[in-house]
Amino acid sequence: VAVGEGPGGRAAEAKFGELVERGRELLTQATLGEHLRAVVNYWLGLAYVRITQPETALLHLEAALTALVDLGDPWLVAHALHMKSSALYLLDDPECQYVAEDALRRCRELEPPSPMLEARVLNHLAAIAVNREEWQIAVRLYDRALVAAEPLRDLRQLSLMYEGLAMAYHHLGHATRAADLFSRALGLYSLQSDLSSMARAEVNLSQLLLEQGLLRSAEEHLETSLRYCDDHGVDRKNRTYATAGMARLRLRQGRDAEADSLAGAAIELGEARDERLSLATALQVRGQLKFRAGLAGEGDECFERAIELYRALNLLERLRLCRIEFATELDALGRSALAKEQWKLAALVGRGPSKGVAEKLAAEA
């Protein structure tokens, strides 16, 4: 699952590309004041996030934050922290959660308050919870974000919220509500011509359909996502994610040769672009394929790499499920001692909510 900040396709890239060009020009001016320089760095960071260049975004956001803290601008500090968390999220960096929590804390200290910023940070924290598969926490955060954002009618934020809520409600067993929320999200994305978010949402929807056994429908949505990547320049993150999803579908269909080719392509993309979450998914698929082909050693290696990635990303529920999948494959091959070890390790993976906002939400229940 991937729900969060992203670009909107070539139109958005052109718009934010103009912002980047103007911002870089301003930074060359020696007469630019310290506060204005920090503001320009903030906007450059935001633009680079929206065109999915998070590494460059972080350089500008760090420069902005250093200056803004020294200058005593709490409003823009909170905004810059939110955008820094968004950049870290695009890099699959688990630090994004702690930066977002800091942004929320600072946002709630602002006088006058900033309800739209609070809604955006809550929405982002909810997206992080979805990625961690902490479904109850995600629903509660999205509900709070909806309350904060409702009077402001920000279509982008509502789109992201509906998509994330759809994923959470599906996994909590509310299929009808999930389908309605997905329909709303896709409708709002189309109104904004947010093709990157639509590409991601199509993959997320395909996963739900795959779990329901609706393989042909899942395939159609994955094909749509890949078509967005080909036709509308929304390639980064989305192509690797959709390719890994298609590999999983082909595995489910028993089309092993195609699944292996797609998994290999997703692994190559994930490694080249450092898209670790999609890389881990593709490695799981390839691991199952290696076991089917009687290549147990290569299967072990794929699962072990996926496990290390989930551990590094601090995605505990995904780590637990990966170990369970690994143990199931080992059991099927009669490797009971190794399977038992993986079952035990899966049981030891923490399943409670993450620290920080999640703990506070639980305390407020």
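Structural notes, computed from the coordinates. (Residues numbered from 1 in each chain as written. Predicted model: local features only at pLDDT ≥ 70, side-chain atom pairs only at ≥ 80, totals over all residues. Heavy atoms only, no water.)

A short note on the nonpolar core
Basically, it comes down to this: Put simply, a nonpolar core is a bunch of buried Ala, Val, Leu, Ile, Met, Phe, Trp, Tyr and Cys residues held in one set by side-chain atoms that sit within 4.5 Å of each other. Classification of residues uses two cut-offs on accessible area relative to the type maximum, computed with a 1.4 Å probe and protein chains only: under 20% is buried, over 50% is exposed, and between them is partly exposed. Strands here are runs of E lasting at least two residues and helices are runs of H or I lasting at least four, both read from the DSSP assignment and numbered beginning at the N terminus.
With 90 residues, the main nonpolar core has Y42 and Y142 as its most contacted residues. Of all the elements, helix 4 (residues 74-90) adds the most residues to this core, at ten residues. Counting residues in hydrophobic clusters, the runner-up holds 23 residues, among them A282, F291, C302 and I307.

Some remarks on empty space enclosed by the protein
Quick reminder of the rule: A 1.4 Å probe that fits but cannot get out identifies a cavity on a 1 Å grid over protein atoms alone, an open set with protein on both sides within 12 Å along at least five of seven lines counts as a pocket, and a residue lines either if it has an atom within 4 Å of a point. Grid points are joined across faces, edges and corners, and a volume is the space filled by probe spheres set on the points. Gly is placed with the polar residues, together with every amino acid not listed as nonpolar (Ala, Val, Leu, Ile, Met, Phe, Trp, Tyr, Cys and Pro) or charged (Asp, Glu, Lys and Arg).
For the structure shown, the criterion picks out five cavities of 30 Å³ or more. In this structure, the second largest cavity encloses a volume near 160 Å³. If you go around the second largest cavity, you meet 13 residues; those closest to its centre are P94, C96, N131, L313 and L315. Considered class by class, the residues forming the lining of the second largest cavity number seven nonpolar, three polar and three charged.

A short note on the packing of helix 6 (residues 115-131) against helix 8 (residues 155-171)
The cut-off we apply is this: Angles run from 0 to 180 degrees between N-to-C directions of axes, and those axes are lines fitted to C-alpha atoms, restricted for helices to the stretch in contact. Roughly parallel refers to an angle under 35 degrees, roughly antiparallel to one over 145, roughly perpendicular to one between 65 and 115, and oblique to any angle outside these ranges. Helix crossings fall into two classes, left-handed where the near helix is turned counterclockwise from the far one by less than a right angle and right-handed where it is turned clockwise. The contact criterion used is simple: two residues touch if any of their non-hydrogen atoms lie within 4.5 Å.
Two elements in contact, helix 6 and helix 8, have axes whose closest approach is 10 Å; the angle formed by their N-to-C orientations is 30 degrees. Put simply, helix 6 runs roughly parallel to helix 8. The two elements helix 6 and helix 8 meet at a crossing, and its hand is left-handed. Judged by residue contacts, M116, A119, R120, N123 and V130 of helix 6 engage Q157, L160, M161, G164 and M167 from helix 8. Class assignment for the residues of the contact of helix 6 with helix 8 results in six nonpolar, three polar and one charged.

Remarks on the packing of aromatic side chains
Here the distance between the centres and the angle between the planes together describe a pair of aromatic rings. Worth spelling out the cut-off: To pair, rings of Phe, Tyr and Trp, with the six-membered ring standing in for Trp, must have centres within 6.5 Å; the planes then decide the type, stacked if under 30 degrees apart, edge-to-face if over 60, and tilted in the middle.
This model, assessed by the stated rule, comprises four aromatic pairs. Ring geometry for Y42 and W43: centres 5.3 Å apart, planes at 70 degrees, overall edge-to-face. For W43, a relative accessible area of 41% translates into the label partly exposed. Aromatic side chains F291 and F303 sit 5.9 Å apart centroid to centroid with 25 degrees between the ring planes, which places their arrangement in the stacked category.

Considerations on the state of the cysteines
To keep it simple, the criterion reads: Any two cysteine sulfur atoms lying within 2.5 Å of each other are counted as a disulfide.
Using the criterion set out here, one finds zero disulfides in the structure. Here C322 is not cross-linked by a disulfide; its sulfur's nearest cysteine counterpart is in C302, at 10 Å.

Notes on the environment of T176
Here T176 lies in helix 9 (residues 175-192). Distance from T176 to E298, taken between C-alpha atoms, is 40 Å for residues 122 residues apart in sequence.

Quick word on helix 2 (residues 34-50)
For clarity, the threshold we go by: Each helix should span, by expectation, one fewer than its residue count multiplied by 1.5 Å.
Here helix 2 spans 25 Å end to end across 17 residues, near enough to the 24 Å set by a 1.5 Å rise per residue. With twelve of its 17 residues buried, helix 2 lies for the most part within the structure. All of the buried residues along helix 2 are A38, V39, V40, N41, Y42, L44, G45, L46, A47, Y48, V49 and R50. Just beyond helix 2, the residue with positive phi is T52, at close to 60 degrees.

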